[in-house]
Amino acid sequence: MNSRLSKSSILHACTIKQQMTISDFEKEVARLKSEVTTRDESASQGNRGASEQNELLVRMEHELLFLRNELMTLGNIDPDLICEEIEVGAVVVTDQRIFFVSTSIESVDINEKSVFGLSVHAPIYAEMKGKKKGELIEYNGLRYKILDVY
């Protein structure tokens, strides 16, 4: 009996979570733009508050661009690719958690199991890259035994 989670299910759940995060950011950016525009139109507000809101808006727009790029990364992953070592698109089952090497997503639940989206830019990925089933990963004082990679 194969107890592996479907990679396409994991990818689908990660994509939906990323789209929801993007939607939330888009709403917040729109709200901030509206506030900045309203504040610019009524000069009675102090300039400092407007400057801080403009800085926040710029940061939020940068984050939104980053999130959209991460969504494109997810879109480029082939769910049918079977990985034998840890690389982009690999599902990594350890004795402590399940990772999906893709983008940084806190976690998604699939069939009552939590899967953590892991970016190739995350420090732990440098310790994992290229490892195979049966090997150990040591990171930040924790040891993970790799039970499966696919």
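This text follows the structure it describes.
The structure contained in this document is the topic of the report that follows. Note that the structure is predicted; figures quoted are calculated from it, not measured.

The rules behind each value
Residues numbered from 1 in each chain as written. Predicted model: local features only at pLDDT ≥ 70, side-chain atom pairs only at ≥ 80, totals over all residues. Heavy atoms only, no water. Salt bridge = Lys/Arg side-chain N within 4 Å of Asp/Glu carboxyl O. Helix = DSSP H or I, 4+ residues; strand = E, 2+ residues; numbered from the N terminus. Buried < 20%, exposed > 50% of the residue type's maximum accessible area, 1.4 Å probe, protein only. Pairing = 2+ DSSP bridges. Axes fitted to C-alpha atoms, helices over the stretch in contact; angles between N-to-C directions. Phe/Tyr/Trp six-rings, centres within 6.5 Å; stacked < 30°, edge-to-face > 60°. Lys NZ or Arg CZ within 6 Å of the ring centre and 35° of its normal. Lys, Arg positive; Asp, Glu negative; His and termini not counted.

1. What to know about the pattern of salt bridges
So, point 1. For the structure shown, the criterion picks out six salt bridges.
So, point 2. Across the pair Arg 4 and Asp 148 runs a salt bridge, and its minimum N-O distance is 2.8 Å. Remark: Asp 148 occurs in strand β6 (residues 142–149) and Arg 4 occurs in the segment before α1 (7–41); sequence separation between them is 144 residues.
So, point 3. Ionic pairing is found between Lys 33 and Glu 61, a salt bridge with its closest N-O pair at 3.3 Å. On the criterion of sequence distance, the pair formed by Lys 33 in helix α1 and Glu 61 in helix α2 (residues 47–75) is long-range, its members being 28 residues apart.
So, point 4. Glu 61 gets classed as partly exposed once you look at its relative accessible area, which sits at 32%.

2. What about the sheet that holds strand β5 (residues 136–139)?
Backbone-to-backbone hydrogen bonds pair the strands of a sheet. The strands run either parallel or antiparallel.
So, point 1. With respect to topology, six strands assemble into an open sheet ordered β3-β4-β2-β1-β6-β5, the strand pairing being mixed. Both outer strands of the open sheet, β3 (105–110) and β5, are each paired with one neighbouring strand and no more. For this sheet, the mean inter-axis angle between neighbouring strands, taken without regard to orientation, is 35°.
So, point 2. Bridge count between strand β1 (residues 91–94) and β6: three bridges; the pairing is antiparallel. Directly across from Thr 94, in β6, lies its bridge partner Ile 146.

3. Thoughts on unusual backbone geometry
So, point 1. A positive phi angle, close to 65°, is found at Glu 112, a residue other than glycine.
So, point 2. Take Glu 112: it is sitting in the loop between β3 and β4 (113–119).
So, point 3. One non-glycine residue, Asn 140, adopts positive backbone phi at about 55°.
So, point 4. Within the secondary structure layout, Asn 140 lies in the loop between β5 and β6.

4. Let's talk about the packing of aromatic side chains
So, point 1. Throughout the structure, instances matching the rule amount to one aromatic pair.
So, point 2. Judged by centre distance (5.8 Å) and plane angle (75°), the ring pair of Phe 99 and Tyr 144 falls under edge-to-face. Note that Phe 99 is positioned in strand β2 (residues 98–102) and Tyr 144 in strand β6, a separation of 45 residues in sequence. Here Phe 99 matches Tyr 144 in class, with each residue buried.
So, point 3. The ring of Phe 116 has Arg 97 lying over it, and the distance from NZ or CZ to the ring centre is 4.1 Å.

5. Quick notes on the side chain of Glu 70
So, point 1. The topology assignment puts Glu 70 in helix α2.
So, point 2. One buried charged residue, Glu 70, forms no salt bridge at all, with the nearest opposite charge on Arg 68 at 13 Å.

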